[in-house]
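Residue-level structure breakdown
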Amino acid sequence: MQSYRHLFALTGPTYVLVAFLGRLPLAMSQIAALLAVSGATGSYTAGGVTAGSLAVANAVGAPVAGSLTDRLGQRPVLLVQSVLGSLGLLALALLTLGAGPGEPWWPLPVSAAVAGAFVPQIGTMARVRWRPISTTSRSTDPRVMDAAFSYEGAADEASFVLGPAVVGLIVAVAAPVTSLLVAAVLLGAFGTWFALHPTVALVGASGRRSTQERLVSPALVVLAGTQLSIGMVFGSIQTGTSVLATQAGAPGLTGLLHALLGVGSVLAGLAVVALPDSVGHVRRLRIFTSALVLLALPLLLVGSLGALSLALLGLGVAIAPSMITTFTLAERTTPVRRLGAAMTTLAATTGTGYALGAALAGRLADLGGHRPAFAVTVLATLLATTLAWSGGRAVRRVAAVVPPRPETSAAADDQQSRDVTVAAARR
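Rules used in this analysis
- Residues numbered from 1 in each chain as written.
- Predicted model: local features only at pLDDT ≥ 70, side-chain atom pairs only at ≥ 80, totals over all residues.
- Heavy atoms only, no water.
- Helix = DSSP H or I, 4+ residues; strand = E, 2+ residues; numbered from the N terminus.
- Polar contact = N/O pair within 3.5 Å; in protein donor to acceptor, adjacent residues only side chain to side chain.
- Contact = heavy atoms within 4.5 Å.
- Phe/Tyr/Trp six-rings, centres within 6.5 Å; stacked < 30°, edge-to-face > 60°.
- Buried < 20%, exposed > 50% of the residue type's maximum accessible area, 1.4 Å probe, protein only.
- Lys NZ or Arg CZ within 6 Å of the ring centre and 35° of its normal.
- Axes fitted to C-alpha atoms, helices over the stretch in contact; angles between N-to-C directions.
- Parallel < 35°, antiparallel > 145°, perpendicular 65-115°, else oblique.
- Left-handed = near helix turned anticlockwise from the far one by under 90°.
- Nonpolar A, V, L, I, M, F, W, Y, C, P; charged D, E, K, R; others polar.
- Patch = residues over 30% accessible without salt bridge, like charges linked within 9 Å, V, L, I, M, F, W, Y side chains within 5 Å.
- Areas by Shrake-Rupley, 256 points an atom, 1.4 Å probe, with all protein chains shown as cover.
- Salt bridge = Lys/Arg side-chain N within 4 Å of Asp/Glu carboxyl O.
- Core = buried A, V, L, I, M, F, W, Y, C linked by side-chain atoms within 4.5 Å.
- 1 Å grid on protein atoms, 1.4 Å probe; cavity = no way out; pocket = protein on both sides within 12 Å on 5 of 7 lines; lining within 4 Å.
- Points joined across faces, edges and corners; volume = space filled by probe spheres on them.

1. Observations concerning the side chain of T239
Examined against the element boundaries, T239 turns out to sit in helix α10 (residues 218-247). Within the local environment of T239, its side chain forms a polar contact with the backbone oxygen of G235, the two atoms lying 3.1 Å apart. With residues up to four places along the chain from it excluded, the contact list for T239 reads A358, A361 and G362.

2. Some words on the packing of aromatic side chains
Under the defined criterion, the tally for this structure stands at four aromatic pairs. Judged by centre distance (5.1 Å) and plane angle (80 degrees), the ring pair of F8 and Y151 falls under edge-to-face. Of this pair, F8 sits in helix α1 (residues 2-9) while Y151 is found in helix α8 (residues 144-173), placing the two residues 143 residues apart along the sequence. Classification of Y151 as buried rests on a relative accessible area of 11%. When the ring of F190 is compared with that of W193, the centres are 6.0 Å apart and the planes differ by 15 degrees; the resulting orientation is stacked. Taken together, the positions of F190 and W193, both in helix α9 (residues 177-196) and three residues apart, correspond to about one turn of that helix. Aromatic rings pair up to connect Y15, W130 and F194 into one cluster. Positioned above the aromatic ring of F194 is the side chain of R129, whose terminal nitrogen or guanidinium carbon lies 3.8 Å from the ring centre.

3. Here's the deal with the packing of helix α3 (residues 24-41) against α9
How two helices pack is summed up by the angle between their axes together with the distance between the axes. In the contact formed by α3 and α9, the axes pass within 8 Å of each other and the chain directions differ by 160 degrees. One finds that α3 runs roughly antiparallel with respect to α9. Our pair here, α3 against α9, has a crossing hand that is left-handed. From α3, P25, M28, S29, A32, A33 and A36 reach across to α9, where they touch V177, S179, L180, V182, A183, L186 and L187. A class-by-class count of the residues in the contact of α3 with α9 yields eleven nonpolar, two polar and no charged.

4. Side note on the environment of T241
Within the element layout of this structure, T241 appears in helix α10. As for T241 and L305, which are separated by 64 residues in sequence, their C-alpha atoms are 8.7 Å apart.

5. Quick word on a nonpolar patch on the surface
A cluster of nonpolar side chains, namely V80, V83, L84, L87, L90, W106, V110, V114, F118 and L181, defines an oily patch on the protein surface of about 860 Å² accessible area. When contributions to the nonpolar patch are tallied by element, the ones reaching two or more residues are α5 (74-97) and α6 (107-118).

6. Some words on the side chain of S236
Looking at where S236 falls in the secondary structure, it is placed in helix α10. The class of S236 is buried, set by a relative accessible area of 0%. Side chain to side chain, S236 and T377 meet in a polar contact 2.7 Å long. Ignoring anything within four residues of it in the chain, the contact list for S236 reads G357, A358, A361, A373, F374, V376 and T377.

7. Remarks on the nonpolar core
Core analysis: the biggest nonpolar cluster contains 115 residues, and L7, F194, L315 and I319 have the highest contact counts within it. With 14 residues, the single largest contributor to this core is α8. Setting aside residues up to four positions removed in sequence, L315 forms contacts with V233, I237, L261, L292, L295, A296, L299 and T377.

8. Let's talk about empty space enclosed by the protein
The probe, sized like a water molecule, is rolled over the atoms to show the empty space still left. Going through the model one piece at a time under the given rule, you end up with nine cavities of 30 Å³ or more. Computed from the structure, the largest cavity encloses a volume of approximately 300 Å³. In this structure, the largest cavity is lined by 21 residues; those nearest its centre are L26, Q121, F160, A347 and T350. Of all the elements in the fold, those that place two or more residues in the lining of the largest cavity are α3, α7 (122-136), α8, α13 (305-333) and α14 (339-368).

Laid out in structure tokens, this is it:
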């Protein structure tokens, strides 16, 4: 708790709140697209493909945006993304309003892809800001970066709790397409605010890229594969939950049920910072991904919403710790001037995994119901733990050769200007 109090004191509560609300549109948009399109067209395949298209486009666009933030700074890139992403979600909502059962639905995935390409990865950009914030503030807490990544992992999970829950509440009282409209408004407001927050000045533009600072390494490949697997867990569970809830006559509970996945995940994620330094991060990744497999198996046995609720609560305990460890290892194995690209690459592979999981689970659900969809979840967890155990040595080797983090922020030329920036951020 002391580490978290120190962490939040570095920026003040406004930044923490804005950064959290800014990531909600991404958490909402995928399940909102799934429910809105499935309801309008009467096809789980159409809903899954549309949601998957949004996720794939986001996965493709995120690394490009991340590389641009490394070279140009976060502010201009995030401003463009927030405005165009908001307009894209509005366009998808309008097209969904005009769709109907039996009609061609191909324009919906196309529109979703355009929107997804511009929805910013606020969580990854927030991760990039914490080290320069800590350095500029002259933090003396040796665990502040562990606290930062634990918080960001928990915040991501909390957004994927609150996002689907908000969608579920909206669907319960209004048309599913309304949730897309709400996501668009939130993105336009808080995405722009995050882009303009004073902390953005601490993350400088590097200009030309050094040829010696490679982005792709064996460690990043292993970590990206792990995130791909976790993304498949999200996509397949979301689809399987939607099918089971619909079969039970309560499709509006889909978002609320899926939100249960994040309840245990948030709590476990916040507790990761309490682990002793003697438990290395590679070892943590192996333990947490192995727990994913064990906790996913009960999904193959569920046949009611009550049983599904318990299974989702249990599985969530291992998700945030796995993601936190993956992103922490990426931060420690990536050259600092390529950090934005690395973080968005991991987020992109998570989105790609979501698309694969949602599309595959949706197809199998059309053929056999919720159990084949949840079988995709189990296979995804097996892939994650296989990568963690087989690729741990590669991650350690890369971590041993990456230079230590600089003690000064590349965003400011002197300490006085950085102190002014931090003081403005706290206000």
